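What follows is the residue order along each chain.
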Protein chains: 2
Amino acid sequence: MAQRIPARVGDDLAAVETPALVLDLDAFERNLDRMAAATTGTRLRPHAKAHKCPDVVWLQLSRGAVGVCCQKTDEAAAFVAAGIPDVLVTNEVVAPAKIARLCALARDATIGVLVDEPANVIALSDAASGAGVTLDVYVEINVGADRCGVPPGEPALALAQRIATAAGLRLRGLHAYHGGAQHLRTPDERRAAIARAAALAAETRDVIENAGLVCSIVTGAGTGTWRHERDSGVWNELQPGSYPFMDADYGRNALADDDIVFEQSLFVLAGVMSTAVEGRAIVDAGLKAFSFDSGLPQVHGRTDIAYVKASDEHGVLELARGHAPIARNDLVRLVPGHCDPTFNLYDWIVGLRGDRVETVWSIAARGALG
Amino acid sequence: MAQRIPARVGDDLAAVETPALVLDLDAFERNLDRMAAATTGTRLRPHAKAHKCPDVVWLQLSRGAVGVCCQKTDEAAAFVAAGIPDVLVTNEVVAPAKIARLCALARDATIGVLVDEPANVIALSDAASGAGVTLDVYVEINVGADRCGVPPGEPALALAQRIATAAGLRLRGLHAYHGGAQHLRTPDERRAAIARAAALAAETRDVIENAGLVCSIVTGAGTGTWRHERDSGVWNELQPGSYPFMDADYGRNALADDDIVFEQSLFVLAGVMSTAVEGRAIVDAGLKAFSFDSGLPQVHGRTDIAYVKASDEHGVLELARGHAPIARNDLVRLVPGHCDPTFNLYDWIVGLRGDRVETVWSIAARGALG
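Starting afresh in each chain, residues are numbered from 1 along the sequence in its written order. Lettering of chains starts at A and numbering of ligands starts at 1, both following the order in which they are written. With pLDDT at 70 or above as the cut-off, local features in this predicted model cover only qualifying residues; side-chain atom pairs require 80 or more to be listed or tallied, and sums for whole chains, interfaces and linings still use all residues. Side-chain numbers come from the whole structure's heavy atoms, not from hydrogens or water.

Side note on the overall build of chain A
What chain A contains, in helices and strands, is 10 helices and 17 strands. Radius of gyration here is computed from C-alpha atoms only, and the compact-globule reference equals 2.2 Å multiplied by the residue count raised to the power 0.38. Its C-alpha radius of gyration of 22 Å places chain A within 12% of the 21 Å reference for a compact globule of 370 residues. Each principal axis of the C-alpha atoms in chain A carries an extent, and together these give about 70 × 45 × 35 Å. Areas reported here follow the Shrake-Rupley algorithm with a probe of radius 1.4 Å; residue values treat only the protein chains shown as occluding. For chain A, the accessible area works out to roughly 12500 Å², and carbon and sulfur atoms hold 51% of it. We count a stretch as a helix when DSSP gives it H or I for four or more residues in a row; a strand needs E for two or more, and each element gets its number in order from the N terminus.

Below you can see the structure in the form of structure tokens.
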């Protein structure tokens, strides 16, 4: 059952029911424009695992994005159902039922997927050729995340050779994503991590091409490091996901002087529900309204109140000495610690133009775990 | 949009699509029976914020529970829509639209709510009498959580007097819940915290009754402390929520020799999706498949693998020296760190009898934030 829609188009901010996920459309559009302008020389395939919302994807495609990434077969299904024509699942798909579902999607859209073992190549090939479709396949190489992916170099070549000769599969290139590098706090650390990843990806691409195979695409990158992949001469497709929205954890990354700044556009709008305890105000947004994996939410635009503690359905605001008056039903904008899993808690994004509700979008792939 | 149902009744465990929230029905039913047997002399009103599932509530009511608790108006709406006849919202409801919705529910069920300020009494009274319904109202007192609630004693009496004379409201008693006490790690700490809360609740009850008002119910308690409230001579209604399921965080509470033991019945069933990186296996359940506010999930029944790290859609299992063989599509049972916000990530509970799917229940109030 989806949640009730928390606002109607044309509502004033004060009429939005809390807690609600709200988007400052002006800041959001500036973020989209900045990334589009900065990536004109390369392929931008933004990651939709962040927001899970087809309406956001259409706005990215209209600014030149070549397609979209997601992480789960069920996410891909939601985007294909919404008409998105080109979806790359930046993940291994290994369960037989999921492989079958992925192949069914390839009847209606260009579908890409990653592999990191030979048996999976056979399973994908059998399913795709059985279904009469072609899957775009990328070899995932481990460039530092130590999560999925074969080692760079020869092991990747061996896999690429299997893909290149497998019925129903089209070898597209390499997937080289360094997740841990996104949140390294200094520009130098991020640059260095991606330089190491670039050397591994370049070596692997060369090994594959020297063997006579075509490695058209090297894809990867995130909101923390994309400029380094863009400028590397190795990647030719970029996958940042959080840049339209941002979050408190990305806010803790120090930026270089020439880094492009993305604005915080995403907030949880919370309402004050109790001021009975001295020195505190309690809001209606707690552990089920934010993901806390990257710390507490931050109060936006206020220094006199701080979100200091959460329980399942309550957030505790601590009031500093001399704080502005605060009363029940007051609204507070809170910046999520981590935007991706916070989107996953909501069914709707309330788009605000100033203090007016301009649109409400469905988070269509909310909860798409499979 | 709800998630796809991950299993069909009659399926073997191996056919359940991962990640899925699965329930060991034997352990779950033993937990329900143990709590029912231990609370025969008092009113049990289990908290449904934990599981958000009407099917679970019916099983609790069939074992003698007097009704159910929840935390949000939209949760109450989901339970009333499922036919549950008696719902207490253990929270303040202050937004006008939510108050109106709460009153509408009171046409079809007994609806209770908490208050901790005079203006809210007026708002509830106006709305209830306007709608031609009666709301059960409880004064929330602060017994140590420092969240919502008026101070014990005279401030609570002043509020009770307003409720008792307000049209459309029925004063039912006190809400005295000490959330922080549930996870104090030693039995002595928990006992001492509830003893202090009991003294405050008893004093407040006496002040109210000495003023000539009826304070029929003192309600509160959770899975960590319920035996102390039960034995206090103060509380006559208990609200534990997690006991049918349990989680890793409750598992860290040391128990007294005579504490009743509840078994872990709730798991996330995850599937292995990659073994490409030496010493690790990657499962398909990460930050969107568990709430991480109370730490990492634990691998159930295995000491040779440990869940050591999560990203949005991946969980990293570290393989100990001499580990059992592990391969793609292997299934792993993982114990959530915190059950309540983990239920909120799923639309379905897959009920297992042994290794067979016996039932699939809708988490009808999933995402009911308002």
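Brief notes about the nonpolar core
In terms of nonpolar packing, the biggest core is built from 201 residues, with Leu135 and Val139 of chain A together with Leu135 and Val139 of chain B touching the most fellow members. No other element matches helix 7 (residues 187-210) of chain B, which puts 8 residues into this core. In this view, Leu135 of chain B contacts Leu102, Cys103, Ala106, Ile111, Leu124, Ala128, Gly168, Leu169 and Arg170 of chain B; residues no more than four positions away in its chain are not counted. For the purposes of this section, nonpolar cores are sets of buried Ala, Val, Leu, Ile, Met, Phe, Trp, Tyr and Cys residues that join through side-chain atoms within 4.5 Å. We call a residue buried when its accessible area falls under 20% of the maximum for its residue type, exposed when it is over 50%, and partly exposed in between, using a 1.4 Å probe and counting protein chains only. The contact definition used throughout considers only heavy atoms, calling two residues in contact when any of these lie within 4.5 Å.

Overview of the sheet that holds strand 5 (residues 110-115) of chain B
All names here are of chain B. Taken in spatial order, the 8 strands make up an open sheet running 2-9-8-7-6-5-4-3, and their pairing is parallel. The open sheet is flanked by strand 2 (43-44) and strand 3 (68-70), the only strands paired with a single partner. The rule for pairing is simple: two strands pair if DSSP sees at least two bridges between them. Examined bridge by bridge, strand 7 (residues 169-175) and strand 8 (residues 217-220) share 3 bridges and lie parallel to one another. Across the sheet, His175 pairs through a bridge with Thr219, a residue of strand 8. Running at roughly 160° to strand 5, helix 5 (residues 118-131) makes contact with strand 5, strand 6 (135-140) and strand 7 of the sheet. What counts as an axis is a line fitted to C-alpha atoms, over the stretch in contact for a helix, and the angles between N-to-C directions run from 0 to 180 degrees.

A closer look at the relation of the copies chain B and chain A
Aligned on chain A, chain B shows an RMSD of 0.0 Å; the corresponding rotation is 180° and the shift along the axis is 0.0 Å. When the rotation and shift are considered jointly, the pair of chain copies conforms to a two-fold rotation axis. Looking at the interface residues of chain B, 100% of them are also at the interface in chain A, so both copies use one shared face. The superposition of copies rests on a least-squares fit of C-alpha positions from residues with pLDDT of 70 or more in both.

What to know about the environment of Gly251 of chain A
In this structure, Gly251 of chain A sits in helix 9 (residues 248-251). Measuring from C-alpha to C-alpha, the distance between Gly251 of chain A and His183 of chain A comes to 9.7 Å, with 68 residues separating the pair along the chain.

With respect to unusual backbone geometry
All names here are of chain A. Note that the residue after Thr18, namely Pro19, is joined by a cis bond; omega there is -10°. The topology assignment puts Pro19 in the segment before strand 1 (20-24). Positive phi, close to 70°, is recorded for Met246, a residue that is not glycine. Relative to the helices and strands, Met246 resides in the loop between strand 9 (237-238) and helix 9. The exposure class of Met246 is buried, given its relative accessible area of 10%.

Some remarks on empty space enclosed by the protein
Buriedness of a pocket was judged along seven lines, with at least five required to meet protein on both sides within 12 Å; pockets are open sets of points on a 1 Å grid over the protein atoms alone, cavities are sets where a 1.4 Å probe fits but cannot get out, and lining residues have an atom within 4 Å of a point. Grid points are joined across faces, edges and corners, and a volume is the space filled by probe spheres set on the points. In total, this model carries 9 cavities of 30 Å³ or more according to the counting rule given. Forming the walls of the largest cavity are 14 residues, and the residues nearest its centre are Leu287, Phe290 and Ser291 of chain A together with Phe290 and Ser291 of chain B. Split into classes, the residues belonging to the lining of the largest cavity amount to 10 nonpolar, 2 polar and 2 charged. Taken as a whole, the second largest cavity holds about 90 Å³ of empty space. Taken together, Asp74, Gly367, Leu369 and Gly370 of chain A together with Gln3, Arg4, Pro6, Glu17, Thr18 and Pro19 of chain B make up the lining of the second largest cavity. The residue inventory of the lining of the second largest cavity, partitioned by class, reads 3 nonpolar, 4 polar and 3 charged. Only Asp, Glu, Lys and Arg are considered charged, only Ala, Val, Leu, Ile, Met, Phe, Trp, Tyr, Cys and Pro nonpolar, and every remaining residue, Gly among them, polar.

Considering the pattern of salt bridges
One side-chain nitrogen of Lys or Arg within 4 Å of one carboxyl oxygen of Asp or Glu is enough to make a salt bridge. For the coordinates displayed, the defined rule picks out 70 salt bridges over all chains. For Asp312 of chain B, the salt bridge identified is with Lys49 of chain A, shortest N-O distance 2.8 Å. Of this pair, Asp312 of chain B sits in the loop between strand 13 (305-310) and strand 14 (315-319) while Lys49 of chain A is found in the loop between strand 2 (43-44) and helix 2 (54-62), placing the two residues in two different chains. Considered together, Asp312 of chain B and Lys49 of chain A belong to a single accessibility category, that of buried residues. Linking Arg252 of chain B and Asp249 of chain B is a salt bridge whose minimum nitrogen-to-oxygen distance equals 3.2 Å.

Focus on the interface of chain B and chain A
On the side of chain A, 63 residues touch chain B, which itself brings 63 residues to the contact. The term buried area refers to how much accessible surface (probe radius 1.4 Å) is lost by two components on association, counted for both of them together. When chain B packs against chain A, the two sides together hide about 5300 Å² of surface, and 49% of this comes from carbon and sulfur. Across the contact surface, chain B and chain A share 14 salt bridges. Ionic pairing is found between Glu117 of chain A and Arg328 of chain B, a salt bridge with its closest N-O pair at 3.1 Å. Listing elements by their share of the side of chain B that touches chain A, those giving two or more residues are helix 3 (73-81), strand 4 (86-92), helix 4 (96-105), strand 10 (266-274), strand 11 (280-283) and helix 10 (339-343) of chain B. The element best represented in the side of chain B that touches chain A is helix 4 of chain B, accounting for 4 residues.

A few points about the packing of aromatic side chains
Residues and elements named next belong to chain A. Centres within 6.5 Å make a pair out of two Phe, Tyr or Trp rings, where for Trp the six-membered ring is used; the pair is then stacked when the planes are under 30 degrees apart, edge-to-face when over 60, and tilted otherwise. This model, assessed by the stated rule, comprises 16 aromatic pairs over all chains. With centroids separated by 6.4 Å and ring planes inclined at 40°, the aromatic side chains of Phe292 and Tyr307 adopt a geometry described as tilted. A residue pair is termed long-range when its members are at least 10 positions apart, and Phe292 in the loop between strand 11 (280-283) and strand 12 (298-299) and Tyr307 in strand 13 (residues 305-310) qualify at 15 residues. The exposure class of Phe292 is buried, given its relative accessible area of 16%. Among the aromatic side chains, those forming a connected cluster through ring pairs are Phe28, Phe245, Phe343 and Trp361. As a reminder, the over-ring test applies to NZ of lysine and CZ of arginine, requiring each to be within 6 Å of the ring centre and within 35 degrees of the ring normal. Lying across the ring of Phe267, Arg333 places its NZ or CZ 5.5 Å from the centre.

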